[in-house]
Amino acid sequence: MFRIEADEFATDRNLFYVRGVRLTAPDLINPSVLPYRLSADEQRVIQGESPGQSDSKGPPALVAWAADRVIPGWCKFTSPQQWPDAMRTANINGLLLRDIGFWNFLLMSMTDEAFSYVHDMFGHFFEVANWNCAQALPWFLGDGTTTYRTLTGGYDLLPKTLAKAFVAAGGELRMRTPVVRDRKS
């Protein structure tokens with residue numbers, strides 16, 4: 001609507017500070033620098049060396065690996081309908097995925113250290129929160145087409161552009177003016 005230019009957000013430059021260690025995005029697949037005691041299998045998974053899993057690396061690879069053990073071949077799903085079909089019978093330790101929370105599923109599928117790694121590296125609690133596992137897995141493992149974008153000239157362009165459009169439409173912008181009452185009072 002306002003024609004503000006945006007660029008793809010560069011996640012490869014993200015920094016992480018966990019357990020007293022500063023990491024860069026490329027470090028997330030290097031077990032020798034991670035402050036987590038991952039099993040040998042988990043180390044292979046985060047490096048993308050686990051056969052038959054999705055082609056992800058790092059923390060998402062551990063979630064994909066856990067999913068593949070209860071829903072073999074999920075990464076080859078070609079239709080959104082395949083998820084609900086799979087969730088009708090998918091279970092871990094006899095519990096249907098729809099009857100357990102997502103973090104419970106993760107803790108049942110990987111070591112505590114791997115869970116901490118996944119939790120810490122995503123940076124948003126909701127992603128590994130204890131929501132329904134049957135809903136979380138399809139969302140989490142989605143189609144991988146999400147592209148994050150950032151405003152090219154900085155985020156302050158948004159309020160500046162809105163203010164300019166407001167004034168152009170006849171509005172009056174009063175900076176540093178306290179609001180005492182509105183006209184409806």
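(A) Quick look at the layout of surface pockets. Put simply, the second largest pocket is a space of about 270 Å³. Along its surface, the second largest pocket is lined by E172, R174, T177, P178, V179, V180, R181 and R183. Looking at the lining of the second largest pocket, its residues break down into three nonpolar, one polar and four charged.

(B) The arrangement of the packing of helix α2 (residues 58-70) against helix α5 (residues 112-122) in detail. The contact between α2 and α5 brings their axes to 9 Å, and the two run at 130°. Between α2 and α5, the angle falls in the class oblique. The handedness of the crossing between α2 and α5 comes out as left-handed. Every residue of α5 that contacts α2 at G58, P59, P60, L62 and V63 is listed here: A114, Y117, V118, M121 and F122. Broken down by class, the residue content of the contact of α2 with α5 amounts to nine nonpolar, one polar and no charged.

(C) Region of interest: unusual backbone geometry. Residue R3 is not a glycine yet carries a positive backbone phi of 60°. Relative to the elements of secondary structure, R3 occurs in the segment before β1 (6-8). The exposure class of R3 is exposed, given its relative accessible area of 76%. With a phi close to 55°, R176 is a non-glycine residue in the positive phi region. Here R176 is to be found in the segment after α7 (157-168). Look at R176 and you get exposed, because its relative accessible area is 89%.

(D) Representation of the side chain of E42 in the model. Checked against the element boundaries, E42 lands in helix α1 (residues 40-46). It is R69 that comes nearest to the buried, bridge-free E42 among opposite-charge side chains, at 6.5 Å. Residue contacts for E42: discarding those within four places in its chain leaves L62, W65, M110, T111 and A114.

(E) Region of the structure containing the pairing of strand β2 (residues 15-18). Going residue by residue along β2, you find F16 and V18 tucked away on one face and L15 and Y17 left uncovered on the opposite face. Where β2 folds back onto strand β3 (residues 21-24) in an antiparallel hairpin, the turn is made up of two residues, including R19, whose phi is positive at roughly 50°.

Reading guide: rules and limits
- Residues numbered from 1 in each chain as written.
- Predicted model: local features only at pLDDT ≥ 70, side-chain atom pairs only at ≥ 80, totals over all residues.
- Heavy atoms only, no water.
- 1 Å grid on protein atoms, 1.4 Å probe; cavity = no way out; pocket = protein on both sides within 12 Å on 5 of 7 lines; lining within 4 Å.
- Points joined across faces, edges and corners; volume = space filled by probe spheres on them.
- Nonpolar A, V, L, I, M, F, W, Y, C, P; charged D, E, K, R; others polar.
- Axes fitted to C-alpha atoms, helices over the stretch in contact; angles between N-to-C directions.
- Helix = DSSP H or I, 4+ residues; strand = E, 2+ residues; numbered from the N terminus.
- Parallel < 35°, antiparallel > 145°, perpendicular 65-115°, else oblique.
- Left-handed = near helix turned anticlockwise from the far one by under 90°.
- Contact = heavy atoms within 4.5 Å.
- Buried < 20%, exposed > 50% of the residue type's maximum accessible area, 1.4 Å probe, protein only.
- Lys, Arg positive; Asp, Glu negative; His and termini not counted.
- Salt bridge = Lys/Arg side-chain N within 4 Å of Asp/Glu carboxyl O.
- Pairing = 2+ DSSP bridges.

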